[in-house]
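Structural overview for review
Each chain, letter by letter, is given below.
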Amino acid sequence: MHDVPTRAGESSPGVSSPGAVSPGVTSPGTGAPGAVAGEQEPLSAGLKQRHLTMLGLGGVIGAGLFVGSGAGIAVAGPGIVLSYLIAGALAMLVMRMLGEMSAAMPASGAFSVHAERALGRWAGFSVGWLYWFLLVVVLAVEATGAAQIVNGWVPAVPQWAWVLLFMTVFTGANLTAVKNFGEFEFWFAALKVTAIVLFLVLSLLAIFGVLPNAEPVGLGNLTGHGGLLPHGWAGVVSGVLAVVFAFGGLEVVTIAAAESDDPARAVGRAVRSAVWRILFFYVGSMVVIVTLLPWSSMEPGKSPYVAVLDSIGVPGAGQIMNIVVFVALLSALNANLYGSSRMVFSLAERGEAPRALLKVSGSGSPSGAGSAGGVPRRAVLASVAFGFVSVLLNLEWPDSVFLYMLNAVGAVLLFVWALIAVSQLRLRGRIEREAPGQLALRMWAFPYLTWAALVAMGAVLVLMLTDDAARPQLLWSAGATGAVLLVAGLRALRERRAGG
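Fair warning: this is a prediction, and the values are worked out from it, not measured in the lab. (Residues numbered from 1 in each chain as written. Predicted model: local features only at pLDDT ≥ 70, side-chain atom pairs only at ≥ 80, totals over all residues. Heavy atoms only, no water.)

Looking at the overall build of the protein chain
How we decide: A run of DSSP states H or I qualifies as a helix once it reaches four residues; a run of E qualifies as a strand once it reaches two. Both are numbered from the N-terminal end. The buried label applies to any residue whose accessible area, calculated with a 1.4 Å probe on protein chains only, is under 20% of its type's maximum; exposed applies above 50%, and partly exposed to all values in between. Note that accessible areas follow from Shrake-Rupley with a 1.4 Å probe, and for residues the cover is restricted to the protein chains shown.
Looking only at helices and strands, the protein chain features 19 helices and zero strands. Each of the 500 residues in the protein chain was classed as buried or not, and the buried ones make up 57%. Working note: accessible area of the protein chain is about 18,400 Å², and carbon and sulfur atoms make up 67% of it.

Take a look at the structure:
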């Protein structure tokens, strides 16, 4: 999610709904047990099932796949297929865990609320603010990347003006009604999915020699140039490190589910429909790419999709992929603005952020209870304000101040995923004892696959520590996480003293 390229072929310069909970599970905001199923959140229920399904399907199909996959192929060769299988399997497990909890206990804060219920307020505070910080920093990369692409088309308009335009348009869309966000993401995701399907169809026709002036490719590119694993399993492992963060973004669908008519059913259907198709798109793309072209011809920062389209004679392949990457960046910008506003709104609901952020449109009260079509406008403005600051830092100091901020969120996604897994371990047994009927979607092979996912995340963190390029991200992210945990601990200590 945060390895966002700027153009195809170039590298980046620098991801009222019922809040039913099980009896005895801590209720967000009050900290009191025994929250009643069906308590209302003041947000609207404007998202349809088609919005959530397409958001789940297209939410993780981004510029990291279309361009960033080239770096993975360069280090793993054809073994990148195994790298994507491993990374994709980890992402699927996380999505299934998150889907299980969100279907049983839908809430606008999703995994932040789950962490609070499972581990305590410190966990909800920490994961919520870390994820918010991640989104508003990555938002700057996406806005800048989209502006650089369109600046190449219309160089007369300065890059900062395009950034301002994109930020203004999507802020306006998120301030009006949640269905606007849903419609934007539906069509963005539809275009990305269509592009991948067409790419796979054309590539398969080329592989079998069906296209004009094309001969069957055979398996030469898979067996030659060092074989399937030219760099051995070490290359596969390095490929995992290069591609795992491209799966970031799947979390937003569980945040959005809270603003649908039937959150439990909606998130369950979205997760089921997305999880296998996402893996098919990612792994399928890698299979046809390394079959059609020698892996050694791939260069980090260059789009392998452009290379394949050029090789089979698609005119204007580079510009076509520029358009697709541009749409992917705008989609991520829109989704991150939405996700960050809902996360900080949920934190405010639970007393972990200023209560002024609870104001929603169409209501005169801070709670917004009973508001039809309520939008947390102050939460949107707070998120986009920090987003604008991040954009300015990215434009003015991309290699210094903003680089430190980007490094500080480099490994945050893994920390969030780890807390999702730990929360699911704690909450699953509690829900089974107290409200088993709410488990509409169940984690596979619980608890074994949950533990396997945690071990895999730990392994990725160890890989980052041993990798010279990834180590600064891990260390800076660990520092940012430690700072948030320190604040959470001090808050807990202050509250304990006040209560005592």
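Topic: the side chain of S341
Selection criterion: The criterion used for residue contact is that any of the two residues' heavy atoms lie within 4.5 Å.
Note that S341 resides in helix α14 (residues 317-349). Beyond its immediate sequence surroundings of up to four residues, S341 is in contact with A379, V380 and S383.

Notes on α14
Side chains of residues three or four places apart in an α-helix project in the same direction, reflecting 3.6 residues per turn. The condition is simple: For a helix, the expected span equals 1.5 Å multiplied by the residue count minus one.
Here α14 contains 33 residues, and its C-alpha end-to-end distance of 48 Å stays within 8% of the 48 Å for a straight helix at 1.5 Å per residue. In the segment just after α14, G351 is the residue with positive phi, at about 75°.

Re the pattern of salt bridges
The cut-off we apply is this: For salt bridges, the criterion is a side-chain nitrogen of Lys or Arg within 4 Å of an Asp or Glu carboxyl oxygen.
A full pass over the atoms with the stated rule returns 10 salt bridges. The salt bridge partner of E183 is R50, with a shortest N-O separation of 2.3 Å. On the criterion of sequence distance, the pair formed by E183 in helix α8 (residues 178-207) and R50 in helix α1 (residues 49-58) is long-range, its members being 133 residues apart.

Points about the packing of aromatic side chains
For clarity, the cut-off: In this analysis, rings of Phe, Tyr and Trp, with Trp reduced to its six-membered ring, are considered paired at centre separations within 6.5 Å, and the interplanar angle assigns stacked below 30 degrees, edge-to-face beyond 60, and tilted for intermediate values. We count a charge as sitting over a ring when the NZ of a lysine or the CZ of an arginine lies within 6 Å of the ring centre and within 35 degrees of the ring normal.
Using the criterion set out here, one finds 19 aromatic pairs in the structure. Measuring from ring centre to ring centre gives 6.2 Å for W162 and F166, while their planes differ by 25°; the resulting arrangement is stacked. With a gap of four residues between them, W162 and F166 both fall in helix α7 (residues 159-176), about one helical turn apart. Owing to a relative accessible area of 15%, W162 belongs among the buried residues under this scheme. Among the residues examined, F166 registers a relative accessible area of 7% and is labelled buried. Linked through ring pairs, W129, W132, F133 and F386 together constitute an aromatic cluster. Over the face of the ring belonging to F186 we find R50, whose NZ or CZ atom lies 4.7 Å from the ring centre.

Re the packing of helix α6 (residues 121-153) against helix α19 (residues 471-499)
For clarity, the threshold we go by: Under this scheme, a helix contributes an axis fitted over its contacting stretch, all axes are lines through C-alpha atoms, and angles between N-to-C directions fall in the 0 to 180 degree range. In this scheme, a crossing is called left-handed if the near helix is turned counterclockwise away from the far one by less than a right angle; it is called right-handed if the turn is clockwise. Three classes are used: nonpolar for Ala, Val, Leu, Ile, Met, Phe, Trp, Tyr, Cys and Pro, charged for Asp, Glu, Lys and Arg, and polar for all others, with Gly counted as polar.
Contact geometry for α6 and α19: axes closest at 9 Å, N-to-C directions at 145°. In this structure, α6 meets α19 at a crossing whose hand is right-handed. Listed contacts from α19 to R121, W122, F125, S126 and L130 of α6 are A480, T481, V484, L485, V487, A488, R491 and E495. The residue makeup of the contact of α6 with α19, split by class, is eight nonpolar, two polar and three charged.

Brief notes about the packing of helix α4 (residues 80-104) against helix α12 (residues 263-292)
Definition in use: For classification, angles of less than 35 degrees are called roughly parallel, those exceeding 145 degrees roughly antiparallel, those between 65 and 115 degrees roughly perpendicular, and all remaining angles oblique.
Interaxial distance between α4 and α12 falls to 10 Å at its minimum, and their mutual angle equals 175°. As judged from the angle between their axes, α4 and α12 are roughly antiparallel. When the residues that make up the contact of α4 with α12 are grouped by side-chain class, the tally is 20 nonpolar, three polar and two charged.

Digging into the confidence of the model for the protein chain
In plain terms, the rule: For every residue, the predictor assigns a confidence score, pLDDT, that lies between 0 and 100.
Looking at the protein chain as a whole, the pLDDT averages 83, with 89% of positions reaching at least 70. Here residues 4-40 is a poorly scored stretch, pLDDT under 50, and it has 120 contacts once near neighbours within four places are set aside; other chains count. Every residue in residues 364-372 is under pLDDT 50, and counting partners more than four places away or in other chains gives 14 contacts.

Focus: the nonpolar core
Operational definition: Residues belong to a common nonpolar core when they are buried Ala, Val, Leu, Ile, Met, Phe, Trp, Tyr or Cys residues joined through side-chain atoms within 4.5 Å.
Residues F66, F111 and W417 are the most contacted members of the largest nonpolar core, which totals 166 residues. Among the elements that make up this core, the one with the highest residue count is α6 (20 residues). Those residues in contact with F111 that sit more than four places away from it in its chain are L98, V127, Y131, E251, I255, M343, V416 and I420.

Points about the environment of L164
Tracing the sequence through the fold places L164 in helix α7. Between the C-alpha atoms of L164 and A147, which are 17 residues apart in sequence, the distance is 9.1 Å.

Notes on helix α13 (residues 304-311)
Quick reminder of the rule: We call two N or O atoms a polar contact when they sit within 3.5 Å, provided that within protein one can donate a hydrogen and the other can accept it, with sequence-adjacent residues counted only if both atoms are side-chain atoms.
Looking only at α13, the buried set comprises P304, Y305, V306, V308 and L309. Tucked into the core, α13 has its buried residues touching α2 (63-66), α3 (69-76), α8, α12 and α14. With a side-chain oxygen positioned 3.3 Å from the backbone nitrogen of Y305, the residue opening α13 is S303. Note on α13: the residue one or two positions beyond its end, G313, has a positive phi of about 85°.

Things to note about the environment of Y282
Topologically, Y282 is positioned in helix α12. On the basis of relative accessible area, Y282 is assigned to the buried category, the value being 0%. C-alpha of Y282 to C-alpha of V60: the two residues are 222 residues apart in sequence and 9.8 Å apart in space. Here Y282 is in contact with V60, I61, G62, L65, Y84, A246 and F247, once residues within four sequence places are set aside. Within polar-contact distance, the side chain of Y282 engages the backbone oxygen of A246 at 3.3 Å.

Topic: unusual backbone geometry
Residue P447 is bonded to the preceding F446 through a cis peptide linkage, with omega at 0°. Along the chain, P447 turns up in the loop between α17 (412-434) and α18 (448-466). The backbone phi angle of A110 is positive, close to 45°, even though this residue is not glycine. Structurally, A110 can be placed in the loop between α4 and α5 (111-119). In this structure A110 comes out as buried when scored by relative accessible area, which is 1%. Look at H225: it is not a glycine, yet its phi comes out positive at around 55°. Checked against the element boundaries, H225 lands in the loop between α9 (220-223) and α10 (232-243).

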